[in-house]
Amino acid sequence: MSETRATTMRTDMCGALRATDAGRTVSVCGWVARRREHGEHLAFIDLRDHTGLVQCVIHGDHDLRSEYVARITGVVRPRPEGTVNASLGTGDIEIQDCIVEILASAEPPPFPLDARADDVDENVRLRFRYLDLRRERLQRNLRARAAVNSAVRRAMERQGFAEVETPMLMPSTPEGAREFLVPSRKEPGSFYALPQSPQLFKQLLMVGGFDRYFQIARCLRDEDLRADRQYEFMQLDAEMSFVDQDDVLAAISEAVLDAAEAVTGERPDAIPRITWHEAMDRYGVDKPDLRFAMELTELTPIFAETGFKAFAGASSIKGIRVPGRAEEFGRSKLDALTDRAKKLGAKGLVWMRVAADGTLDSPVAKFLVEAEQQALRDALAAEPGDLLLVVADEWATSCEVLGHLRNDLGRPPVHKGPYKYVWVVDFPMFVGVSDAGIPKPGHHPFTRPHPDDIDKLESDPMNVRSRAYDLVLNGWELGSGSIRIHEPELQQRIFNLLGIAPDEAMKRFGFFLTPFRYGAPPHGGFAFGIDRLVAILAGEENIREVIAFPKTQSGTDPMTNSPTPVDAKQLLDLGLRVLPKVE
């Protein structure tokens, strides 16, 4: 007998019925997906709920139309020979001797509620999102999301984490991403901010002795939207006391792998880790996609004595091999690649096609002696038909330019497997300096320096590593975290480097810093995006497809027509007035 979720109105779900149910009298409820007429008083109705379709044989006159809501009671029978639908889970049975009850009529939907809707303008789909949600694709995606949330919650609870909710109204911290502000009616001219993350509160929970905290938290950032970003997003947020980096990575890995297994049915391998420097050196980006090779190769020693001016004196010469694609790249495409490299910051791009006889077809080949050409071929494992790309510049530029070209030329679509996770660790503590010579933090200013580099904070800050780490999946950054500073003295050293004097630090972060005077444990944490993880596991390239009610690329909601103006009285109560937009 099939699995049932019986209620007073139904005995079974539409998509759960099977041949083993033959002979049973059942009641199913759902929407009319399709009606096919067979003669004057006979129709075949495909009734749909979120589990799938079942065919119902209807005799007599029944005004059942597309998307009508109906309850159908009848007997499960095997389909007649030659009418079995092998592509449908219920394809070998149908419901006969049907009694039909129309529960609700429906106007014709504005677009077909099947795979054809993928080609419908997205604004139309979002305007009628409640209809779009009936489709198998959206049902599958949002139920995958529910499975991820459930698996994550179980994994965290199994590891001793307590779920704690943190405030949605908090003080503004404008040094981060752009915030959504909420005016205070009680304190005109003052504002709350909606949380970009629970960062400050979760660290205070560690001061409060909670030891292990987690939350599936809603966060908000007023940043431009894109395929992997919405104003509102959900993240698994966690913090742990008396731990080091290995402990945090192990706990988060457990939750992530459990989530992947819940959706795909297979548990991924243990997650490898590489340092930030290694990621940049080998892949040119700090969120590497490990599904394909084309790693960057160090070529600087080969050209140490070269007479080729473009390579001579360059501090870093790197190359990549694009296997078997030389013939695809005529001169116009190669010129476009060169322009792309220059826009990314390179002085130029050297390209070489490997001919059938192994020689290098390139305008620069004549400037390289045979020993250099052979060493280049050997270093890149070049074979006939390959395209070789070389950049000579500063190390960071060579890495970044080739990293982008590597992704442009080799990266599979995000929705294509396999799933390749990687932890990237030991990020730089600081990333560049301001015009005033003040270091810029690579993470937030509460990130702990690497213990081996603390002595270099004042003398050589740009070469200090941090205890920050990112989790990357198929080239998408899922989330980031760090081991935190828990000693007030070390925290002020970092503030001093950032040009924040003690009195200014107390003014900006006093509510957060003062508790640390009362004994804070060593602690660290992490947060990863639920939306991004589900999108990849569901095979989607845009997180809007795994969010029930998302915003458009421009940040609007066609279904509710938000954002909308508010009336004058509401503004008056808040002590606000709207000024004309400054162009």
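Residues numbered from 1 in each chain as written. Predicted model: local features only at pLDDT ≥ 70, side-chain atom pairs only at ≥ 80, totals over all residues. Heavy atoms only, no water.

A few points about the nonpolar core
Formed by 44 residues in total, the largest nonpolar core has its most connected members in L236, I252, Y421, W423, F528 and L533. Of all the elements, helix 5 (residues 245-264) adds the most residues to this core, at 9 residues. The contacts of W423, once residues within four sequence positions are left out, are L249, I252, S253, I271, P272, R273, I274, Y469, D470, L471 and F526. Counting 21 residues, the second largest nonpolar core, distinct from the first, contains M280, I320, F329 and L402. (Core = buried A, V, L, I, M, F, W, Y, C linked by side-chain atoms within 4.5 Å. Buried < 20%, exposed > 50% of the residue type's maximum accessible area, 1.4 Å probe, protein only. Helix = DSSP H or I, 4+ residues; strand = E, 2+ residues; numbered from the N terminus. Contact = heavy atoms within 4.5 Å.)

A closer look at the sheet that holds strand 6 (residues 162-163)
Strand pairing within a sheet occurs via backbone hydrogen bonds; the two strands may be parallel or antiparallel. Within the open sheet, the 8 strands sit side by side as 6-9-10-22-21-20-17-11. Their pairing is mixed. Of all the strands in the sheet, just strand 6 and strand 11 (273-275) have a single pairing partner and so form its edges. Pairing of strand 6 with strand 9 (residues 212-220), which is carried by 2 bridges, proceeds in the parallel orientation. The partner of A162 across the bridge, within strand 9, is Y213. Helix 5 contacts strand 10 (232-241), strand 11, strand 17 (421-425), strand 20 (468-473), strand 21 (476-483) and strand 22 (523-529) of the sheet and is inclined by roughly 160° relative to strand 17. Sheet contacts for helix 6 (residues 276-283): strand 11 and strand 17; angle to strand 11, the most-contacted strand, approximately 85°. (Pairing = 2+ DSSP bridges. Axes fitted to C-alpha atoms, helices over the stretch in contact; angles between N-to-C directions.)

Quick word on empty space enclosed by the protein
Inspection of every chain in the model, using the stated rule, returns 2 cavities of 30 Å³ or more. If you add up the space inside the largest cavity, you get close to 40 Å³. M429, F430, P441, G442, H443, H444, P445, T447, I494 and L498 are the residues that line the largest cavity. Looking at the lining of the largest cavity residue by residue, the class counts come to 6 nonpolar, 4 polar and no charged. Considered as a void within the structure, the second largest cavity measures approximately 30 Å³ in volume. If you trace the second largest cavity, you find it lined by L126, R129, F549, P550, D557 and M559. Across the lining of the second largest cavity, the residue classes tally to 4 nonpolar, no polar and 2 charged. (1 Å grid on protein atoms, 1.4 Å probe; cavity = no way out; pocket = protein on both sides within 12 Å on 5 of 7 lines; lining within 4 Å. Points joined across faces, edges and corners; volume = space filled by probe spheres on them. Nonpolar A, V, L, I, M, F, W, Y, C, P; charged D, E, K, R; others polar.)

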